[in-house]
Number of protein chains: 2
Amino acid sequence: MLPFANIAIIGLGLIGSSIAHATRAQMPGARITGFDQDPAVRARATELGFCDDISDSAGAAVIDADLVMLCVPVGAMASTAADIGADLPADAVISDVGSSKASVIAALTEVLPEARIIPAHPVAGTEHSGPDAGFATLFQDRWCILTPPETAVKADIEKVRAFWEKLGANIEIMDAKHHDLVLAVTSHLPHLIAYTIVGTASDLEDVTRSEVIKYSAGGFRDFTRIAASDPTMWRDVFMSNKDAVLEMLQRFSEDLTALQRAIRWDKGDELFDLFTKTRAIRRRIIEEGQDDAAPDFGRHHE
Amino acid sequence: MLPFANIAIIGLGLIGSSIAHATRAQMPGARITGFDQDPAVRARATELGFCDDISDSAGAAVIDADLVMLCVPVGAMASTAADIGADLPADAVISDVGSSKASVIAALTEVLPEARIIPAHPVAGTEHSGPDAGFATLFQDRWCILTPPETAVKADIEKVRAFWEKLGANIEIMDAKHHDLVLAVTSHLPHLIAYTIVGTASDLEDVTRSEVIKYSAGGFRDFTRIAASDPTMWRDVFMSNKDAVLEMLQRFSEDLTALQRAIRWDKGDELFDLFTKTRAIRRRIIEEGQDDAAPDFGRHHE
């Protein structure tokens, strides 16, 4: 009753290795073949043993697969697709975990026009990267968004849905363009802002870097977590979802300017009104199980 | 060997109640008298029992005190000082926990020109507010910055230092103006940006609020925590540390514009370089014990 029996995972970083761990845990009958273009990652993945087999090439990894999961940075999707093209079985479903979807669909369909492509985006992660960072429960109670193209076969969509549900995720099906807009605000803009403020704070003349680190518990440290995410992955996300990111950034900048003006002109009521409104959002995120109710994210206090 | 024997805590929110809990735990011989201007908070504090006594007026709370801790929003420091003026013992040390210091010193010295003022800022907190939010270990291994005015008596500074050290904090002594600049970047700017992005995300036409909440695990939820902080406290912080906050905001906006331009013109290398640099800061914050090394702030994954 497994949705897929032979799973090829291309890219063995945080997400690829977590899929392998979770598949092992939830679908022990499935065979997992892994590949990563970095030989050091392949060697480490072999040591960690979360795949049944590690191939020496992307093509060799997919040759018997009925599901191919591309877990590479979105900028590497096209070249990875080209690498597996010759060996991809005609009936294999090809999926990915990229954080932007319209550009990934365009890249994959151009390189593999005949492939059965069901793109996916598990909205989950940590700030850690690489094959050691993965764990089996990463997708538990997180959302996984499928953005099947119009030509997708319904049975393929249902199999990919079943696969992610077994990994613990809740599924939503969405148009790729809308996905890119939603994620621009819930994920891409937050990362961009976090990277910016960490950069700003480390380049001051009057405040030393030691001071920034020492007093980071005042709020700054929260931003450093997502600003420690994988640089290649995030560079590619911003390049591949440019329009939506720039649109959200524009809105954010306008709102920030309004707040700046309220501070400059001592409009305390405007500040108070906004600060009151934002509390409600946090409450709903917790109610819907998307964050920990414990104070301070449940950080250890003792 | 207690630095102070009779401690009056004015304002029984997160910080005031945490000081009471921590004093109980670390200096059981000290007597704690509390007051809050909100009768509901006084009633709740009486139920919770973290003070030896709850007074009905600020003046009554301080009448026997050798240490008075003002734990009210920074905008309420002057009126609170006025309320206690007539009853404040001449040899009592008066301290506070405000997040901006130059304006607090100005307000307190104007209202109480003869008082022995040793301002302090414990760089610690959670997003929760009120008398139920406090706990004894909040200040453990956090920094507490003292900003004594030039006229301060050395013995008073040492007693306030000893008090905070007993609560578990590490002490730094700093000029008030420099404190305000440092905290503008490590605390005030992060809060302002978090409030802004949460506001931006909740006012979109093309993305619903439900979608923002549902997919918040992509990064957005991290910002909602500090954007759930006490609105009155934060309104006052921005109003009272206006110049430093506007200065830091200006720098942040410039950096954000540079990043925006890099995205618009496909300058991936610039993005990659910044994203690589920011990782190092996170590493140092963890090394220096100012955040949890566990992925995702140690959020529970299962």
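Going by an unreviewed UniProt entry, chain A carries the name prephenate dehydrogenase and comes from Parasphingorhabdus marina DSM 22363. According to the UniProt record, the Catalytic activity (unreviewed entry) comment for chain A reads "prephenate + NAD(+) = 3-(4-hydroxyphenyl)pyruvate + CO2 + NADH". Its UniProt record gives chain A the following Pathway (unreviewed entry) comment, quoted word for word: "Amino-acid biosynthesis; L-tyrosine biosynthesis; (4-hydroxyphenyl)pyruvate from prephenate (NAD(+) route): step 1/1."

Participant: How should the UniProt feature "domain: Prephenate/arogenate dehydrogenase" (unreviewed entry) in chain A be read in this particular structure?
Facilitator: Sequence positions flagged by UniProt for "domain: Prephenate/arogenate dehydrogenase" (unreviewed entry) are, in local numbering, residues 5-293 of chain A. For residues 5-293 of chain A, helix accounts for 52% and strand for 11%, while the C-alpha atoms at its two ends are 38 Å apart.

Participant: For this particular structure, what's the right way to read the UniProt feature "signal peptide" (unreviewed entry) in chain A?
Facilitator: Cross-referencing UniProt, the feature "signal peptide" (unreviewed entry) maps to residues 1-22 of chain A in the present numbering. Secondary structure over residues 1-22 of chain A splits into 41% helix and 23% strand, and the C-alpha atoms at its two ends are 17 Å apart.

Participant: For this particular structure, what's the right way to read the pattern of salt bridges?
Facilitator: A pair can form between side chains of opposite charge whenever their charged atoms are brought close. Counted by the stated rule, this structure contains 49 salt bridges over all chains. Taking the shortest distance from any N to any O, the salt bridge between Arg225 of chain A and Asp222 of chain B comes out at 3.0 Å. Of the two residues, Arg225 of chain A sits in helix α9 (residues 220-226) while Asp222 of chain B sits in helix α9 (residues 220-226), which places them in two different chains. Exposure class is identical for Arg225 of chain A and Asp222 of chain B. Each is buried. One salt bridge in this structure joins Lys242 of chain B and Asp266 of chain A, with 3.2 Å as the shortest N-O distance. Of this pair, Lys242 of chain B sits in helix α11 (residues 242-264) while Asp266 of chain A sits in the loop between α11 (242-264) and α12 (268-287), which puts the two residues in different chains. Via salt bridges that share partners, Glu127, Arg225, Arg282 and Asp291 of chain A together with Arg221, Asp222, Asp296 and Arg299 of chain B belong to a single interconnected network.

Participant: Help me understand the packing of helix α7 (residues 176-201) of chain A against helix α12 (residues 268-287) of chain B in this model?
Facilitator: In a packed pair of helices, the relevant descriptors are the angle between the two axes and the axis-to-axis distance. Two elements in contact, α7 of chain A and α12 of chain B, have axes separated by 9 Å at closest approach and are oriented at 70°. Taken together, the axes of α7 of chain A and α12 of chain B lie roughly perpendicular to each other. Crossing geometry of α7 of chain A relative to α12 of chain B is assigned as left-handed. Contact with α7 of chain A, carried on its side by Tyr195, Val198 and Gly199 of chain A, involves Leu274, Phe275, Thr278 and Ile281 of chain B of α12 of chain B and no other residues of that element. Here the contact of α7 of chain A with α12 of chain B is built from residues that sort into 5 nonpolar, 2 polar and no charged.

Participant: Just checking my understanding: could you explain the environment of Gly11 of chain B for this structure?
Facilitator: Residue and element names in this part refer to chain B. Among the secondary structure elements, Gly11 is positioned in the loop between β1 (6-10) and α1 (14-26). Along the sequence, Gly11 and Pro131 sit 120 residues apart, while their C-alpha atoms lie 9.1 Å from each other. Excluding anything up to four places from it in sequence, Gly11 contacts Gly16, Phe35, Asp36, Cys71 and Val72.

Participant: Is there a simple way to think about the relation of the copies chain A and chain B in this case?
Facilitator: Of the transformation superimposing chain A on chain B, the axial component is 0.0 Å and the angular component is 180°, with the fit at an RMSD of 0.0 Å. Those values place the two copies in the arrangement expected of a two-fold rotation axis. Here 100% of the interface residues in chain A have copies in chain B that are interface residues too; the copies meet face to matching face.

Participant: Honestly, the packing of α7 of chain A against helix α10 (residues 231-240) of chain A in this entry has me stumped. Any pointers?
Facilitator: Residue and element names in this part refer to chain A. Contact geometry of α7 with α10 gives a least axis separation of 11 Å together with a crossing angle of 120°. Classified by the interaxial angle, the pair formed by α7 and α10 is oblique. Handedness of the α7/α10 crossing: left-handed. Across from Ser187, His188, His191, Leu192 and Tyr195 in α7, the residues of α10 making contact are Trp234, Val237 and Phe238. The residue makeup of the contact of α7 with α10, split by class, is 5 nonpolar, 3 polar and no charged.

Participant: Which parts of the structure should I look at to understand the interface of chain A and chain B?
Facilitator: How big an interface is tends to be reported as the loss of accessible area on association of its parts. The interface of chain A with chain B comprises 111 residues on the first partner and 111 residues on the second. The junction of chain A with chain B conceals about 10,700 Å² of combined surface from both sides, 66% of it contributed by carbon and sulfur atoms. The largest share of the area that chain A buries against chain B comes from Ile213, Tyr215 and Phe275 of chain A, three residues that together contribute 7% of it. At the junction of chain A and chain B, the tally comes to 16 salt bridges. In this structure, Lys214 of chain A engages Glu172 of chain B in a salt bridge whose closest nitrogen and oxygen atoms are separated by 2.4 Å.

Participant: Could you clarify how one ought to interpret the sheet that holds strand β2 (residues 31-35) of chain B in this entry?
Facilitator: Adjacent strands of a sheet pair through backbone hydrogen bonds, lying either parallel or antiparallel. Residue and element names in this part refer to chain B. Sheet architecture is open: 6 strands sit in the order β3-β2-β1-β4-β5-β6, paired in parallel fashion. Whereas interior strands pair on both sides, the edge strands pair on one side only; in this sheet they are β3 (53-54) and β6 (116-117). In this sheet, strand β4 (residues 67-70) lies alongside β1 in parallel orientation, the contact comprising 4 bridges. Counterpart to Ile10 in the pairing with β4 is Leu70.

Participant: I would appreciate a short explanation of the environment of Arg279 of chain B in the present structure.
Facilitator: Inspection of the secondary structure puts Arg279 of chain B in helix α12. Residue Arg279 of chain B is classed as partly exposed on the basis of its relative accessible area of 25%. Sequence-wise, Arg279 of chain B and Val72 of chain B are 207 residues apart; in three dimensions their C-alpha atoms are separated by 36 Å. When residues no more than four places from it in sequence are discounted, the contact partners of Arg279 of chain B are Glu127, Ser129, Ala227, Ala228, Ser229, Asp230 and Pro231 of chain A.

Participant: Just to check I follow, could you spell out the domain arrangement of chain A for this structure?
Facilitator: All names here are of chain A. Domain assignment breaks chain A into domain 1 (6-174) and domain 2 (178-292). With centres defined by C-alpha atoms, the gap from domain 1 to domain 2 works out at 29 Å. The partner domain 2 presents 18 residues to the 20 residues of domain 1 that form the contact. Carbon and sulfur atoms make up 57% of the area that domain 1 and domain 2 hide from each other, which totals about 1,400 Å². When residues of domain 1 are sorted by the area they lose upon contact with domain 2, Ser99, Glu127 and Met174 head the list and together hold 36% of the total. Linking domain 1 with domain 2 are 1 salt bridge. One salt bridge connects Arg225 with Glu127, and the closest N-O pair in it is separated by 2.9 Å. The tally of links from domain 1 across to domain 2 stands at 10 residue pairs in polar contact (both at pLDDT 80 or more). For the side of domain 1 that touches domain 2, the residue count by class is 8 nonpolar, 8 polar and 4 charged.

Thresholds, definitions, all that
Residues numbered from 1 in each chain as written. Chains lettered and ligands numbered in written order. Predicted model: local features only at pLDDT ≥ 70, side-chain atom pairs only at ≥ 80, totals over all residues. Heavy atoms only, no water. UniProt positions renumbered as here; feature names shortened; annotations may be inferred. Helix = DSSP H or I, 4+ residues; strand = E, 2+ residues; numbered from the N terminus. Salt bridge = Lys/Arg side-chain N within 4 Å of Asp/Glu carboxyl O. Buried < 20%, exposed > 50% of the residue type's maximum accessible area, 1.4 Å probe, protein only. Axes fitted to C-alpha atoms, helices over the stretch in contact; angles between N-to-C directions. Parallel < 35°, antiparallel > 145°, perpendicular 65-115°, else oblique. Left-handed = near helix turned anticlockwise from the far one by under 90°. Contact = heavy atoms within 4.5 Å. Nonpolar A, V, L, I, M, F, W, Y, C, P; charged D, E, K, R; others polar. Least-squares fit on C-alpha atoms with pLDDT ≥ 70 in both. Buried area = accessible area lost by both parts, 1.4 Å probe. Pairing = 2+ DSSP bridges. Domains from an automatic or database assignment. Polar contact = N/O pair within 3.5 Å; in protein donor to acceptor, adjacent residues only side chain to side chain.

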